[in-house]
Amino acid sequence: MTLQLPQMDRFSSDGVEIAYLDVPAGPDAEPVLLIHGFASNVATNWVPTGWVEELAEAGYRVVAFDNRGHGQSEKLYQLDDYGAPLMAEDARRLLDHLGIAKAHVIGYSMGARIAAFLALAHPDRVQSLIFGGLGINMVRGMAGTGPIAHALEAPSVDDVKNQAARTFRVFAEQTKSDLKALAACIRSARAPITAEAVGSLAAPVLVAVGDNDVVGGPAPALAALIPGAEAFVIAGREHMKAVGDRSFKAAALDFLARHKF
């Protein structure tokens, strides 16, 4: 089975146009909602990495969407247009739009943060949670957002001297992103997630992060804060390369199979 990205559908999330993908499945298929990372999109984060195809082949209904300001979704340029709690409501409204009462949720990097806010605000909508590419830095916060915003706003990538920020600028250009919208997104108020908050998550949780991922921070340290959570260290991977790792997908499929409805 080779799954190409079809034309995405769209819906209005409280007035913001959100593009989404809903892969057809049988009537009893359990839904999995995929939430991508910063400067990425469905077509980059989930399709070529094999996630959509492998989840569909395993019998799941796969739903994925482009976060506001990303991919084919509406571009917004004000700071108060963004923030993980607000973006989590886009996810919840998509579930409402599709008539999905409850879903497994897999988020990568920023998407993991959004998934956490979704589960905290609407625990009844989340069957299980997989946080990919974001470990203890979900609680500690990610340093360097200012330099990344400056890198996105620079006239050219050649003007960006900060190497970490340059990596994000290069990636944003590769995904043909709207740089101004991304700068607003990363500059937006970053609502904190406390250790106490993640400790209150009711759904089963898997935290999967590359062992060389300095952006996300270690998986075991975050999992230790969440009762019953599991940690999976993606061997030999850093932040940008871990998402498509075969062992990560295998661990996720095993986790989903053990936490069915």
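Conventions and cut-offs
- Residues numbered from 1 in each chain as written.
- Predicted model: local features only at pLDDT ≥ 70, side-chain atom pairs only at ≥ 80, totals over all residues.
- Heavy atoms only, no water.
- Salt bridge = Lys/Arg side-chain N within 4 Å of Asp/Glu carboxyl O.
- Helix = DSSP H or I, 4+ residues; strand = E, 2+ residues; numbered from the N terminus.
- Buried < 20%, exposed > 50% of the residue type's maximum accessible area, 1.4 Å probe, protein only.
- Pairing = 2+ DSSP bridges.
- Axes fitted to C-alpha atoms, helices over the stretch in contact; angles between N-to-C directions.
- Contact = heavy atoms within 4.5 Å.
- Expected span 1.5 Å × (residues − 1).
- Arc of directions from axis to C-beta.
- Polar contact = N/O pair within 3.5 Å; in protein donor to acceptor, adjacent residues only side chain to side chain.

Asks: Whenever I open this one, the pattern of salt bridges confuses me. Can you help?
Replies: For the structure on display, the rule yields 13 salt bridges. Note that Asp90 is salt-bridged to Arg93, the shortest N-O span being 3.7 Å. Of this pair, Asp90 and Arg93 are both found in helix H3 (residues 84–97), three residues apart, which corresponds to roughly one turn of the helix. The shortest N-O distance in the salt bridge between Glu153 and Arg187 comes to 2.6 Å. A residue pair is termed long-range when its members are at least 10 positions apart, and Glu153 in helix H6 (residues 145–153) and Arg187 in helix H8 (residues 179–187) qualify at 34 residues. On the basis of relative accessible area, Arg187 is assigned to the partly exposed category, the value being 35%. Counted as one network, the salt bridges with shared partners bring together Asp14, Arg68, Asp90 and Arg93.

Asks: Help me understand the sheet that holds strand E7 (residues 205–210), please; the structure alone is not making it clear to me.
Replies: What holds strands together in a sheet is hydrogen bonding between their backbones, with the strands either parallel or antiparallel. Strand order in this open sheet of eight strands is E1-E2-E4-E3-E5-E6-E7-E8, and the pairing throughout is mixed. If you trace the sheet from one side to the other, it starts and ends with strand E1 (9–13) and strand E8 (230–234), each paired once. Sheet twist, expressed as the average angle between the axes of neighbouring strands with direction ignored, equals 25 degrees. Relative to strand E4 (residues 61–65), strand E2 (residues 16–22) is paired through three bridges, and the arrangement is antiparallel. Its bridge partner lying in E4, Tyr20 is registered against Phe65. In the packing of helix H4 (residues 110–121) onto the sheet, the strands contacted are strand E3 (31–35), strand E5 (103–108) and strand E6 (126–132), and the crossing angle to E6 comes to about 155 degrees. Running at roughly 165 degrees to E6, helix H11 (residues 246–258) makes contact with E3, E5, E6, E7 and E8 of the sheet.

Asks: How should the environment of Lys176 be read in this particular structure?
Replies: Relative to the helices and strands, Lys176 is located in the loop between helix H7 (163–174) and H8. Taking the C-alpha atoms as reference points, Lys176 and Ser40, 136 residues apart in sequence, are found 9.2 Å from one another.

Asks: Looking at this structure, how should I read H7?
Replies: Because an α-helix completes one turn every 3.6 residues, residues spaced three or four positions apart along the sequence face the same direction. Look at H7: 16 Å from first C-alpha to last across twelve residues, which is about the 16 Å you get at 1.5 Å a residue. Listed as buried for H7 are Ala165, Phe168, Arg169, Phe171 and Ala172. Buried residues of H7, viewed axially, fall in a sector of 165 degrees; they line one side. For H7, the exposed residues set more than 90 degrees away from the buried face come down to Gln163 and Gln174. Those residues of H7 that are buried are in contact with helix H1 (42–45), H6 and H8. Where H7 begins, one side-chain oxygen reaches toward the backbone nitrogen of Ala164, 3.1 Å away; that side chain belongs to Asn162. Looking one or two residues beyond H7, the residue adopting positive phi is Lys176, at roughly 55 degrees.

Asks: Looking at this structure, I do not really get the side chain of Ser177. What am I missing?
Replies: With respect to the helices, strands and loops of the structure, Ser177 is situated in the loop between H7 and H8. At a separation of 2.7 Å, a polar atom in the side chain of Ser177 contacts the side chain of Thr175. Contact partners of Ser177, with chain neighbours within four places excluded, come to Ala39, Ala172 and Leu182.

Asks: Would you explain H11 in this entry?
Replies: If you check H11, its first and last C-alpha atoms are 19 Å apart, about what 13 residues at 1.5 Å a residue would give, namely 18 Å. Those residues of H11 lying buried are Phe248, Lys249, Ala251, Ala252, Phe255 and Leu256. Down the axis, H11 shows its buried residues gathered within 160 degrees of arc, on one side only. Buried residues belonging to H11 abut E3, helix H2 (51–57), E5, E6, E7 and E8.

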